[in-house]
Amino acid sequence: MALPRAARTQRRTRIQEAKEEQILEAALEVFSLHGFRGATVDQIAEVAGMSKPNLLYYFRTKEAMHRSLITRVLDTWLDPLREFDAEGNPVSEIRSYIRRKLEMARDFPRESRLFANEILQGAPNIEDELKGPLKSLVDEKAEVIRAWAKAGKIAKCDPYHLIFSIWSTTQHYADFDVQVRAVLGQDQAGEGRFEDAARFLEQLFLSGLHVSE
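Computed from a prediction, not measured in an experiment: that's the story for all the values here.

The rules we used
Residues numbered from 1 in each chain as written. Predicted model: local features only at pLDDT ≥ 70, side-chain atom pairs only at ≥ 80, totals over all residues. Heavy atoms only, no water. Domains from an automatic or database assignment. Contact = heavy atoms within 4.5 Å. Buried area = accessible area lost by both parts, 1.4 Å probe. Salt bridge = Lys/Arg side-chain N within 4 Å of Asp/Glu carboxyl O. Helix = DSSP H or I, 4+ residues; strand = E, 2+ residues; numbered from the N terminus. Nonpolar A, V, L, I, M, F, W, Y, C, P; charged D, E, K, R; others polar. UniProt positions renumbered as here; feature names shortened; annotations may be inferred. Axes fitted to C-alpha atoms, helices over the stretch in contact; angles between N-to-C directions. Parallel < 35°, antiparallel > 145°, perpendicular 65-115°, else oblique. Left-handed = near helix turned anticlockwise from the far one by under 90°. Buried < 20%, exposed > 50% of the residue type's maximum accessible area, 1.4 Å probe, protein only. Arc of directions from axis to C-beta. Core = buried A, V, L, I, M, F, W, Y, C linked by side-chain atoms within 4.5 Å. Polar contact = N/O pair within 3.5 Å; in protein donor to acceptor, adjacent residues only side chain to side chain.

Asker: Give me the domain arrangement of the chain: which residues, what numbers.
Answerer: Considered domain by domain, the chain is made up of domain 1 (5–71) and domain 2 (78–208). Computed from C-alpha coordinates alone, the two centres of domain 1 and domain 2 are separated by 29 Å. Of the residues lining the interface, 12 residues belong to domain 1; the matching set on domain 2 comes to 11 residues. Both faces considered, domain 1 and domain 2 share a buried interface measuring about 1,100 Å² in area, 55% of it formed by carbon and sulfur atoms. In this structure, the connection of domain 1 to domain 2 is made through three salt bridges. Glu-129 is the partner of Arg-67 in a salt bridge, and the nearest nitrogen-oxygen pair spans 2.7 Å. Listing elements by their share of the side of domain 1 that touches domain 2, those giving two or more residues are helix H2 (14–38) and helix H5 (62–82). Of the residues forming the side of domain 1 that touches domain 2, the biggest block, eight residues, is contributed by H2. The class makeup of the residues in the side of domain 1 that touches domain 2 is five nonpolar, three polar and four charged.

Asker: Provide a residue-level description of the UniProt feature "DNA-binding region" (unreviewed entry) in the chain, including the pertinent values.
Answerer: The feature "DNA-binding region" (unreviewed entry), as annotated in UniProt, sits at residues 40–59 in this numbering. Each end of residues 40–59 is marked by a C-alpha atom, and these two atoms are 13 Å apart; helix forms 75% of the span and strand 0%.

Asker: So what's going on with the packing of helix H8 (residues 127–150) against helix H9 (residues 159–175)? Residues and values would help.
Answerer: At a minimum axis distance of 9 Å, the contact between H8 and H9 shows a crossing angle of 115 degrees. It follows from the interaxial angle that H8 and H9 lie roughly perpendicular. For the pair H8 and H9, the sense of crossing is right-handed. Between H8 and H9, the residues in contact are Leu-134, Val-138, Asp-139, Lys-141, Ala-142, Ile-145 and Arg-146 and Pro-159, Tyr-160, Leu-162, Ile-163 and Trp-167, respectively. A class-by-class count of the residues in the contact of H8 with H9 yields nine nonpolar, no polar and three charged.

Asker: Could you give me a rundown of helix H3 (residues 41–48), with the residues and numbers involved?
Answerer: Taken residue by residue, H3 has Val-41, Ile-44, Ala-45 and Ala-48 as its buried positions. Buried residues of H3, seen end-on, are gathered within an arc of 100 degrees and therefore sit on one face of the element. Lining the buried residues of H3 we find H2, helix H4 (52–58) and H5.

Asker: So what's going on with the nonpolar core? Residues and values would help.
Answerer: Counting 59 residues, the largest nonpolar core has Phe-31, Ile-44, Leu-55, Met-65 and Tyr-173 as its most contacted members. When we break this core down by domain, the ones giving at least three residues each are domain 1 (5–71) and domain 2 (78–208). In this structure, Ile-44 is in contact with Ile-23, Ala-26, Ala-27, Val-30, Phe-31, Leu-55 and Met-65, ignoring residues within four places of it in sequence.

Asker: Quick one: what's the story with the environment of Asp-175, residue by residue and with numbers?
Answerer: Following the sequence through the fold, Asp-175 ends up in helix H9. You can call Asp-175 partly exposed: its relative accessible area is 25%. Considering only alpha carbons, one finds Asp-175 and Asn-117, 58 residues apart in sequence, at a separation of 9.7 Å. Excluding anything up to four places from it in sequence, Asp-175 contacts Ser-112, Arg-113 and Ala-116. At a separation of 2.6 Å, a polar atom in the side chain of Asp-175 contacts the side chain of Ser-112.

Asker: Could you give an account of the packing of H2 against H3, naming the residues involved and the relevant values?
Answerer: Closest axis-to-axis distance for the H2/H3 pair is 8 Å, and the angle between their directions is 140 degrees. Two packed elements cross with a definite hand, and for H2 against H3 that hand is right-handed. Contacts from Gln-22, Ile-23, Ala-26, Ala-27, Val-30, Phe-31, His-34 and Gly-38 in H2 reach Gln-43, Ile-44, Val-47 and Ala-48 in H3. Class assignment for the residues of the contact of H2 with H3 results in eight nonpolar, four polar and no charged.

Structure (structure tokens):
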């Protein structure tokens, strides 16, 4: 993970840590709105409410801020998959995973857009993480799904495409939120849309896998 300059040069105080979080919060706002290429250090400094020289004391470049954010987001994004329990009931595990991913789409839309933009640009900042820790984790959980299928607990399926499908259907509600709300209309576009989505996706995936309670 890319460390802020202050973290590399001296032991950070609480004030310095707070400043770094202030900068990263501003950077997240700017990157999620304008993308990496469209964002500038001046914009981030303005949103953070500090001078550009002060900001650059903590993060020397726009790339350093982006790298720190995208690494943090990837780690957060993987938490629900890490909790996928081989010893658990497939119904409970898959349902929980779907719901946690939808909760993240609801609670972290800016982070989702930041991650999506990184992937669309070819993942220049996280390619090693995708090919390393991410792939290893997905490989591990794919074996869990295969074991469930082999034991007759779910129908045979390609575990990778199952995971990809859950990713794409849940993150749609963050990355295409404006479209979702526009199509649903005012009556259905409230916070209840996430519960509606959860119930539908549970039915879609669990029925498709023929999981027995």
